[in-house]
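Chain by chain, the residues:
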Amino acid sequence: MATLELRGITKRFPGVLANDSVDLKVSSGEILGLLGENGAGKTTLMNILYGLYSADEGEILIDDVPQSFAGPGDAIAAGIGMVHQHFMLVPVFTVTENVVLGVEPVGPGGVINIKEAKREVREISQRYGLEVDPDAIIEDIPVGIQQRVEIIKVLFRNAEFLIFDEPTAVLTPQEIEEFFGILNGLREAGKAIIFITHKLKEVIEVSDDIAVLRRGAMVGGADPATTTEADLANLMVGRPVELVVAKEDSEPGAQVLTVSDLVVLDDRDQVAVNSISFDVKAGEIVGVAGVQGNGQTELVEALTGLRGVAAGTVTIGGKDVTHATPRQIHESSVAHVPEDRQRSGLVMSFSITENMVLDGYYHEPYSSGIKMDWDSARSKAEELVEQYDVRTPGTEVAANTLSGGNQQKVIVAREFGRDVQLVVASQPTRGIDVGSIEYIHERIVEERDQGAALLIVSTELDEVMALSDRILVMFDGKVVAEYRGGAVTAEEIGLAMAGAAT
Ligand SMILES: Nc1ncnc2c1ncn2[C@@H]1O[C@H](COP(=O)(O)OP(=O)(O)O)[C@@H](O)[C@H]1O
Ligand SMILES: [Mg+2]
């Protein structure tokens, strides 16, 4: 039985106390769920544990013996393994080549013994129920299987303590269930596991013990057997949170967005959106579900004028906008919450005020056409910062000083702060804490009730299910399924997301 402990870990970045005297303990045969909002300090804490950062204060102990890690090599030697949020596999290598990379078993004469390596990969994958083909090329296998390769890689290096940083973020609901099966198997084999997530449901389902981080500090623990999602949300955010979006049935009106036989190419000129047709009506929220990378990004870019259309048509409010520019689309009363906020949502070096009026600065009320009215811009910005709970010292600081979640709030505040007929929102709450998600979801429903048409693209299935009056599932560039909101289960949608015939 082995125990890993963190005592009083403190880590400062310029202007940020990322970890504030954090204590944590996990033992063999145990899954510790580490819960926290985005920016709470989870990854920083694990990077310290894995030897990637050094702590300003505090210590790491294994079986009560203080450790000193100069780098991941030391942490690995001490039995710590980490499966990162973004996989670190070589796409053109095989499963086995990736697993043994850097620690290849060598035979006589220094030749890499690939046969022996394959045998070990097979052995580990059988022992822990991690089914993979040792000869498969990484780029040919689904993300869920790539994750197994990462796990095998860690086990191959004899890890006893396994850290998973938001492992479910990239998985479909079915893959998540399989992954939980794997976690349970690892626990039964006596591994100590730290499972990081910001999803309340998951942490309750899989953990033996729960620890909650808030703004760098450990704010408490919870017993998964007795705690509730509401309790955990409260701990995580620091106040009670409404977890369910309250909304009436929709009363769809006229078609606002009409997409017909749309074909869009990706950056490599491959077909990303493959001849799809759908509409969104006034007073209706249509959610697009799908695993990242099935054409959603290109679809949204085409609808908002950021990417050319190869074939088909797009009309908004009866006007053909198939080849319109982003500004023309914007001026057709379309709000856009982009997926990549830093590239297309904000000017990072501009102040919050400037960003808030970015799309309206050239007309009333901010400008007479000749002179900018900064007072009116500033008071509008202050109002929105207050409403959307943007955490900032003031409206004159540059956007790049805000955390990702707060940047997202600035964009949503600006885009929802004017009258629109259509909202196209990609990942509207990515990187945002539950407290602010609550507010943004309420605003989305309000826009609908005021008669706007909304297209919400999200890889968070819970979000799509909570908000949508109608759900479209994208897979491989096509709309493969359509459901009425509230009349479908996560499992059904999950199967469609994975490309199963429906
Ligand atoms: N390398 C870094 N330099 C400066 N600030 C950082 C760095 N890494 C993280 N931070 C900041 O530390 C805080 C905690 O971040 P992080 O550990 O990534 O949170 P989490 O994983 O819980 O989302 C955030 O405010 C983040 O902006
Ligand atoms: Mg993180």
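Reading guide: rules and limits
Residues numbered from 1 in each chain as written. Chains lettered and ligands numbered in written order. Predicted model: local features only at pLDDT ≥ 70, side-chain atom pairs only at ≥ 80, totals over all residues. Helix = DSSP H or I, 4+ residues; strand = E, 2+ residues; numbered from the N terminus. Rg over C-alpha atoms; globule rule 2.2 N^0.38 Å. Buried ≥ 20, exposed ≤ 12 C-beta atoms within 10 Å, placed from the backbone. Domains from an automatic or database assignment. Contact = placed C-beta atoms within 7 Å. Nonpolar A, V, L, I, M, F, W, Y, C, P; charged D, E, K, R; others polar. Pairing = 2+ DSSP bridges. Axes fitted to C-alpha atoms, helices over the stretch in contact; angles between N-to-C directions. Parallel < 35°, antiparallel > 145°, perpendicular 65-115°, else oblique. Left-handed = near helix turned anticlockwise from the far one by under 90°. Near = placed C-beta within 6 Å. Core = buried A, V, L, I, M, F, W, Y, C linked by C-beta atoms within 7 Å.

**Student:** Kindly report on the overall build of the protein, identifying the contributing residues and their values.
**Tutor:** Looking only at helices and strands, one finds 17 helices and 20 strands in the protein. Computed over C-alpha atoms, the radius of gyration of the protein comes to 24 Å, within 12% of the 23 Å expected from 2.2 N^0.38 for 502 residues, which places it in the range of a compact globule. Taking the principal axes of its C-alpha atoms as reference, the protein extends roughly 75 × 50 × 45 Å. When each of the 502 residues of the protein is scored for burial, the buried share is 45%.

**Student:** Pulling in residues and values, what's your account of the domain arrangement of the protein?
**Tutor:** Domain boundaries assigned for the protein yield domain 1 (3-237) and domain 2 (255-497). In this structure, domain 1 and domain 2 have C-alpha centres spaced 33 Å apart. Domain 1 puts 10 residues into the contact, and the matching count from domain 2 is 15 residues. Among the elements of the structure, helix 6 (173-188) and helix 8 (229-237) are those that each provide at least two residues to the side of domain 1 that touches domain 2. When the residues that make up the side of domain 1 that touches domain 2 are grouped by side-chain class, the tally is five nonpolar, four polar and one charged.

**Student:** Go over helix 9 (residues 296-303), please, and point to the residues and values.
**Tutor:** Residues spaced three or four apart along an α-helix point in a common direction, a consequence of the helix completing one turn every 3.6 residues. Burial of helix 9 is extensive: eight of the eight residues sit out of reach of the surface. Of the positions making up helix 9, those classed as buried are Q296, T297, E298, L299, V300, E301, A302 and L303. The positive-phi residue at the C-terminal boundary of helix 9 is G305, with phi of around 85 degrees.

**Student:** So what about the sheet that holds strand 15 (residues 319-320)? Which residues, and what values?
**Tutor:** Taken in spatial order, the four strands make up an open sheet running 12-11-14-15, and their pairing is antiparallel. Strand pairing shows two members of the sheet lacking a second neighbour, strand 12 (271-281) and strand 15, which therefore form its edges. Examined bridge by bridge, strand 11 (residues 255-265) and strand 14 (residues 311-316) share five bridges and lie antiparallel to one another. In the strand pairing of strand 14, V259 is matched with V314.

**Student:** Can you explain helix 1 (residues 42-49)? Please cite residues and give values.
**Tutor:** Counting buried positions along helix 1 yields eight of eight residues, so the element is predominantly enclosed. The set of residues buried in helix 1 consists of K42, T43, T44, L45, M46, N47, I48 and L49. Just downstream of helix 1, G51 is the residue with a positive phi angle, here 80 degrees.

**Student:** Give a description of the packing of helix 14 (residues 404-416) against helix 15 (residues 434-449) that names residues and reports values.
**Tutor:** The description of two helices packed together rests on the angle between their axes and the distance between the axes. In the contact formed by helix 14 and helix 15, the axes pass within 12 Å of each other and the chain directions differ by 15 degrees. Between helix 14 and helix 15, the angle falls in the class roughly parallel. Both helix 14 and helix 15 take part in a crossing whose hand is left-handed. Two secondary-structure elements touch here, helix 14 through G405, K409, V412 and F416 and helix 15 through S436, I440, R443 and E447. For the contact of helix 14 with helix 15, the residue count by class is three nonpolar, two polar and three charged.

**Student:** Would you mind going over the environment of A324 in detail, with residue names and values included?
**Tutor:** Relative to the helices and strands, A324 is located in the loop between strand 15 and helix 10 (326-331). Considering only alpha carbons, one finds A324 and G308, 16 residues apart in sequence, at a separation of 9.1 Å. Apart from residues no more than four positions distant in its own chain, A324 is found in contact with G305 and I329.

**Student:** Mind laying out the site of ligand 1, listing which residues take part and the relevant values?
**Tutor:** As a structural note, the neighbourhood of ligand 1 is formed by F13, V16, A18, G36, N38, G39, A40, G41, K42, T43, T44 and S403. When contributions to the shell around ligand 1 are tallied by element, the ones reaching two or more residues are strand 2 (16-27) and helix 1. The element best represented in the shell around ligand 1 is helix 1, accounting for three residues. Taken together, the residues of the shell around ligand 1 sort by class into four nonpolar, seven polar and one charged.

**Student:** Tell me what's going on with unusual backbone geometry, and back it up with residues and numbers.
**Tutor:** With a phi close to 45 degrees, D63 is a non-glycine residue in the positive phi region. Examined against the element boundaries, D63 turns out to sit in the loop between strand 4 (57-62) and strand 5 (65-67). Backbone geometry places S333, a non-glycine residue, at a positive phi of 60 degrees. Residue classification places S333 among the partly exposed positions, given that 16 C-beta atoms sit within 10 Å.

**Student:** Describe the sheet that holds strand 19 (residues 470-475), and please don't skip the residues or the numbers.
**Tutor:** A sheet is described by the order of its strands in space; here six strands give the open sequence 16-17-18-13-19-20, paired in mixed fashion. Where the open sheet ends on each side, the last strands, each with one partner, are strand 16 (334-337) and strand 20 (478-484). The mean angle between the axes of side-by-side strands here comes to 15 degrees, regardless of whether they run parallel or antiparallel. By the bridge criterion, five bridges tie strand 17 (residues 422-426) to strand 18 (residues 453-457) in an arrangement that is parallel. Residue V423 lies in a different strand from strand 18, and its bridge partner there is L454.

**Student:** Help me get a handle on the packing of helix 4 (residues 114-127) against helix 5 (residues 143-156), residues and values and all.
**Tutor:** Orientation of helix 4 relative to helix 5, taken along the N-to-C sense of each, is 105 degrees, at an axis distance of 10 Å. The angle between helix 4 and helix 5 places the two elements in the roughly perpendicular class. Packed against helix 4, whose contacting residues are E120, V121, I124 and S125, the element helix 5 presents I152, L155 and F156 at the interface. In terms of residue class, the contact of helix 4 with helix 5 is made up of five nonpolar, one polar and one charged.

**Student:** Describe the nonpolar core, listing the residues and the values that go with them.
**Tutor:** One finds L49, F195, L422, L454 and V473 to be the most contacted residues of the largest nonpolar core, which totals 142 residues. With six residues, the top contributor of residues to this core is helix 5. Taken domain by domain, this core gets at least three of its residues from each of domain 1 (3-237) and domain 2 (255-497). With near-sequence residues (within four places) excluded, L422 lies in contact with V256, L257, I316, S333, V334, A452 and A453.

**Student:** Let's hear about the pairing of strand 19: which residues, and what values?
**Tutor:** Among the six residues that make up strand 19, five are buried, leaving the element largely enclosed by the rest of the structure. Bridge count for strand 13 (residues 284-289) against strand 19 is four bridges, and the pairing is parallel. Each bridged residue has a counterpart across the sheet, and for V286 the counterpart in strand 19 is R470. Pairing between strand 19 and strand 20: six bridges, direction antiparallel. By the bridge assignment, I471 is partnered in strand 20 with Y483. The turn linking strand 19 back onto strand 20 is made up of two residues, and D476 within it adopts a positive phi angle of 55 degrees.

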